[in-house]
Amino acid sequence: MFNTMLNVADIAPVAAAATQQASASADLSVEIKEQIECVVLFRIPVPFIAGGIPVYESTVVTWIIMAVFIFIAILLTRNLKIVPTTKRQAALEVCVSWLRNFCRDNIGAESDRYMPYIGTVLIYIGAANIAGMFGMKPPTKDLSVTIALALMSICLIEGATIRKHGFFGFFKHLGSPTPIMAPMNVLEIGIRPLSLCLRLFGNVVAAFIIMELIKFVIPAGIPAVFSLYFDIFDGFLQAYIFVFLTSLFIGEGLEKAEE
Amino acid sequence: MGIAMAAAVAVLTGAGAAIGIGMATSHASEAIARQPEAKKDIRSTMLIGCALAEATAIYGLLVAIMLIFVASPDSTSIMGAAVAVVTGMGAGIGIGLATSRACDSIARQPEVKKDIRSTMLIGCALAEATAIYGLLVSIMLIFVV
C-alpha cells in the first residue's frame, strides 16, 4: 500500500513536468507561427476597395527606418564645407568615398550614375536586417519586400544595358557569346532576381526565427552574443552581398556588348 | 516519427557546411603561414566565405525548426521537404573549396586581392543559389503542398 502511494507520488511530478513540456512546446509552436506571419497593422480606407488598403508591419518598420535615416542625413549634411573642418564631415566623406570606390570597382566607368541607388539599397537593407535588435520585425523577413528589392535590381540591371546599348543591342547581347546560349541568358533574367530575393529572405528569416527561439529559451544575457552573429554580422553581410551582386550585374551588362 | 526523421535529415545539411568551413580554415592557416603580412586580408576573406557556407547550414536548421514546430504531423510532404534542403550540402562544400583556394591565391599574390575576392564572391553566390533552390522547394513543400 505504502509502496504504491510512493509510486504515485513519484509519477505525479514527472507527469506534471511532461505536460508542462508539452505545453511549452505548443507555446513555442504558436510563437513561431506568429513570428513568421506578416501582420496587417491597419487599413487605409479607400473607396471601391473592400476593406481598404492593408498596411503591413514591414511597411511601418520601413517608414520608421526612412524617418531615422532622413533625420541622420539632415544632421550629417548640415553646413558642409569644401575643406572639412569637423569630424562629422570627415567621417561622412570616408563613407561616401568607400561607396564610390566600391561602385567604381564593380560597375566601371559609369558608376556615378548608379551610386545613389546602390548606396540607398545598402543602407536600407543593412538597417532592415538589424531592426530585430531594436524589438521590431525586420522588413526583409517579409518575402514581398525582398521580391520588390530584387525586381528593382533586375529592372535597373536590364535598364542599364538597354540604356547603354539600345534596344537592339540588348537583344544582341542576349545571343552572346553564341546564339546557343540565348535560352540560358533569358533564363538568367528570371533566375538572378529569384536567387537575390530568396538569399536575403532565407537568411533573415532563419536568423530571426533562431533569435526568437533563443530569446524564448534563454530570456536574458546570452541572446546578445548570438545577436552579434545573426543580426549584425550576417545582416550586414547579406546587405553587402545583395548590393555587390546588383552592382556586378550592372557592370556586366554595361560591359558585355562592347566586345 | 516521420517528423523526427525529417528534421534530422534536414539538419544534416550542416555536414556539407562543416566540411567546407574546415577546408577553408585549413587553407587559410597555411596561407597565413606562407604570407604573414597578408593575414588581415586572408582572415577577412575566410570569414566572408565561411559565413556564406554557414548560411547553407542555417537553411537546414530553419527547415528543421519549421518541420518540428510548424508543419502538420500528418502531412505527407515532410520527408520531401527535408530531402530538398539537403541540396545545400553540396553548396557548403563548394563554397568552402572556393574560399580555401581564394585564401591560397591571396597569399601567393596579395596585390590582386580585390579581384580574387570579388571572383570568389561571384562563385560563392552562384553556388549558394543551388542551396537556395533547395530551400525554396522545401518551404513550398511545407507551406503549399
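Residues numbered from 1 in each chain as written. Chains lettered and ligands numbered in written order. Predicted model: local features only at pLDDT ≥ 70, side-chain atom pairs only at ≥ 80, totals over all residues.

Observations concerning the overall build of chain A
Rules: Only DSSP runs of H or I covering at least 4 residues are called helices, and only runs of E covering at least 2 are called strands; the numbering of each starts at the N terminus. Labels follow a simple rule on C-beta atoms placed from the backbone: if 20 or more others lie within 10 Å of a residue's own, it is buried; if 12 or fewer, it is exposed; otherwise it is partly exposed. A pair of residues counts as a contact when their C-beta atoms, built from backbone coordinates, are separated by no more than 7 Å.
For chain A, the count of helices and strands is 7 helices and 2 strands. Listing each helix as α and each strand as β along chain A from the N terminus yields α-β-β-α-α-α-α-α-α. Considering chain A as a whole, with its 259 residues, one finds that 27% of them fall into the buried category. Restricting to contacts in chain A with at least 6 residues of sequence separation, those with at least 24 account for 64%.

A look at the overall build of chain B
Along chain B, the regular secondary structure elements total 6 helices and 0 strands. In chain B, the order of α-helices and β-strands from amino to carboxyl end is α-α-α-α-α-α. On the principal axes, the C-alpha backbone points of chain B span a range of 60 × 20 × 15 Å. When burial is assessed residue by residue, chain B has 57% of its 145 residues classed as buried. In chain B, 88% of the contacts between residues at least 6 apart in sequence involve partners at least 24 apart.

Brief notes about the pairing of strand 1 (residues 40-44) of chain A
Residues and elements named next belong to chain A. Inclusion rule: Here, any two strands with at least 2 DSSP bridges between them count as paired.
Little of strand 1 sits inside the fold, with 0 of its 5 residues counted as buried. Bridge count for strand 1 against strand 2 (residues 53-56) is 4 bridges, and the pairing is antiparallel. Following the sheet pairing, F42 is matched in strand 2 by V55.

So, the nonpolar core
Convention followed: Each nonpolar core reported here comprises buried Ala, Val, Leu, Ile, Met, Phe, Trp, Tyr and Cys residues connected via C-beta atoms within 7 Å.
Grouped together as the largest cluster of nonpolar side chains are 101 residues, with contacts concentrated most on A10, L62, V63, L67, A81 and A82 of chain B. Once residues within four sequence positions are removed from consideration, A82 of chain B is found in contact with A6, A7, V9, A10, V63 and L67 of chain B.

Focus on helix 4 (residues 78-85) of chain B
All names here are of chain B. The line we're drawing: What the arc covers is the set of directions going from the helix axis to the C-beta atoms.
Within the span of helix 4, buried status applies to I78, A81, A82, A84 and V85. For helix 4, the angular spread of the buried residues around the axis is 160 degrees, confining them to a single face. Turning to helix 4, the residues buried within the fold contact helix 1 (2-11), helix 3 (39-69), helix 5 (88-108) and helix 6 (113-143).

With respect to the confidence of the model for chain A
Our working definition: Residue-level confidence of the predictor is what pLDDT reports, using numbers from 0 through 100.
Taken as a whole, chain A shows an average pLDDT of 80; of its residues, 88% reach a score of 70 or greater. Element-level mean pLDDT values for chain A span from 58 in helix 1 (residues 2-36) of chain A up to 91 in helix 4 (residues 111-129) of chain A.

What to know about the interface of chain B and chain A
Often, the extent of an interface is quoted as the loss of accessible area on bringing the components together. Of the residues lining the interface, 19 residues belong to chain B; the matching set on chain A comes to 22 residues. Every element with two or more residues in the side of chain B that touches chain A is listed here: helix 3 and helix 6 of chain B.

So, helix 2 (residues 14-34) of chain B
Formally: By this rule, a helix spans an expected 1.5 Å times one less than how many residues it contains.
The end-to-end C-alpha separation of helix 2 of chain B is 30 Å, in line with the 30 Å expected for 21 residues at 1.5 Å each. Those residues of helix 2 of chain B hidden inside the fold are in contact with helix 1, helix 3 and helix 5 of chain B.

Concerning the environment of M136 of chain A
As for its placement among the helices and strands, M136 of chain A is situated in the loop between helix 4 and helix 5 (143-174). Put simply, M136 of chain A and V60 of chain A are 76 residues apart on the chain and 10.0 Å apart in space, counted from C-alpha to C-alpha.

Observations concerning the environment of V46 of chain A
Within the element layout of this structure, V46 of chain A appears in the loop between strand 1 and strand 2. When the C-alpha atoms of V46 of chain A and G132 of chain A are compared, they prove to be 32 Å apart, with 86 residues separating the residues in sequence.

Regarding the packing of helix 3 of chain B against helix 6 of chain B
Residues and elements named next belong to chain B. Rules: Inter-axis angles, ranging from 0 to 180 degrees, are taken between N-to-C directions of lines fitted to C-alpha atoms, where helices are fitted over the stretch in contact. Any angle that falls under 35 degrees is termed roughly parallel, while one over 145 is termed roughly antiparallel, one within 65 to 115 roughly perpendicular, and all others oblique. Here the nonpolar group is Ala, Val, Leu, Ile, Met, Phe, Trp, Tyr, Cys and Pro; Asp, Glu, Lys and Arg are the charged ones; every other residue, Gly included, is treated as polar.
Here helix 3 crosses helix 6 at 0 degrees, and the two axes come no closer than 10 Å. Judged on the interaxial angle alone, helix 6 and helix 3 are roughly parallel. Packed against helix 3, whose contacting residues are D41, T45, G49, L52, A55, T56, Y59, V63, M66 and L67, the element helix 6 presents K113, R117, M120, C124, E128, A131, L135, S138 and I142 at the interface. Its residues assigned to classes, the contact of helix 3 with helix 6 shows 11 nonpolar, 4 polar and 4 charged.

Brief notes about the packing of helix 4 of chain B against helix 6 of chain B
Residues and elements named next belong to chain B. Running from N to C, helix 4 and helix 6 cross one another at 170 degrees; their axes reach a closest spacing of 7 Å. When the axis of helix 4 is compared with that of helix 6, the two are roughly antiparallel. Where helix 4 approaches helix 6, its residues G80, A81, A84 and V85 are matched on the opposing element by G134, L135, V137, S138, L141 and I142. Its residues placed into classes, the contact of helix 4 with helix 6 shows 7 nonpolar, 3 polar and no charged.

Concerning the confidence of the model for chain B
The share of residues in chain B with pLDDT of 70 or more is 99%, and the mean pLDDT across the chain is 89. In the predicted assembly, ipTM is 0.76 and pTM is 0.80.

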